[in-house]
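Chain by chain, the residues run as shown.
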Amino acid sequence: MNKKVNLQILPEGIVVKASQNLTLLENLLAHKIEINHSCGGMGSCGTCRVFVENKESLLNEKNEIEKEFAEERGFSDCERLSCQIHPVEGLIIRYKKD
Ligand code: FES
């Protein structure tokens, strides 16, 4: 089932319908958010990093790829790779614009 959830994107402050079947990165790109993603979602570049403003405990746990990357870079709990997570209802994320 392709469940749609509300996703708030900062700094734009817009709320979009996001598909839980897609990664957060895929959802952002589908809504024309110009977030960097140099490795194309492989979890190796880190340019798709987002700051999770709420509900981080409801997100899928870090997989091995993301865990290794986050440890190397010293990510805090709210820093996630958008290509490795899926949205949940009411999620608020912030990304850095270039
Ligand atoms: S797109 Fe490269 S780590 Fe997510």
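Residues numbered from 1 in each chain as written. Predicted model: local features only at pLDDT ≥ 70, side-chain atom pairs only at ≥ 80, totals over all residues. Heavy atoms only, no water.

J.: How should I be thinking about the sheet that holds strand 2 (residues 14–19) in this particular structure?
T.: Through backbone hydrogen bonds, the strands of a sheet pair up, either in parallel or in antiparallel fashion. With respect to topology, five strands assemble into an open sheet ordered 2-1-5-3-4, the strand pairing being mixed. Across the chains shown, the open sheet's two edge strands, defined by having one partner strand only, are strand 2 and strand 4 (79–81). On average, each strand axis in the sheet is tilted by 40° relative to the strand beside it, whichever way the strands run. (Pairing = 2+ DSSP bridges. Helix = DSSP H or I, 4+ residues; strand = E, 2+ residues; numbered from the N terminus. Axes fitted to C-alpha atoms, helices over the stretch in contact; angles between N-to-C directions.)

J.: Can you help me understand the environment of Glu53 in this one?
T.: Here Glu53 is to be found in the loop between strand 3 (49–52) and helix 2 (64–73). Separated by 27 residues in the primary sequence, Glu53 and Arg80 have C-alpha atoms spaced 11 Å apart. Those residues in contact with Glu53, other than ones at most four positions away along the chain, are Leu10, Ile92, Ile93 and Arg94. Only 3.1 Å separates the side chain of Glu53 from the side chain of Arg94, close enough to count as a polar contact. (Contact = heavy atoms within 4.5 Å. Polar contact = N/O pair within 3.5 Å; in protein donor to acceptor, adjacent residues only side chain to side chain.)

J.: Honestly, the packing of aromatic side chains in this entry has me stumped. Any pointers?
T.: Any pair of aromatic rings gets described here by the distance separating the centres and the angle formed by the planes. Applying the stated criterion across every chain yields a total of one aromatic pair. Consider the rings of Phe69 and Phe75, whose centres lie 5.8 Å apart with planes at 70°: the pair is edge-to-face. Here Phe69 and Phe75 have matching classes, each one buried. (Phe/Tyr/Trp six-rings, centres within 6.5 Å; stacked < 30°, edge-to-face > 60°. Buried < 20%, exposed > 50% of the residue type's maximum accessible area, 1.4 Å probe, protein only.)

J.: Would you mind going over the pairing of strand 1 (residues 4–10) with me for this structure?
T.: A regular strand places its side chains so that they alternate between the two faces of the sheet. Pairing analysis gives six bridges linking strand 1 to strand 2, with the strands arranged antiparallel. In the sheet register, Lys4 faces strand 2, and the bridge partner there is Ser19. The hairpin formed by strand 1 and strand 2 contains three residues between the paired strands, and Gly13 there has a positive phi angle of roughly 80°. Where strand 1 meets strand 5 (residues 91–94), four bridges bridge the pair, whose relative direction is parallel. Looking across to strand 5, one finds that Gln8 is bridged to Ile92.

Without other data, these values stay purely geometric and don't point to any function.
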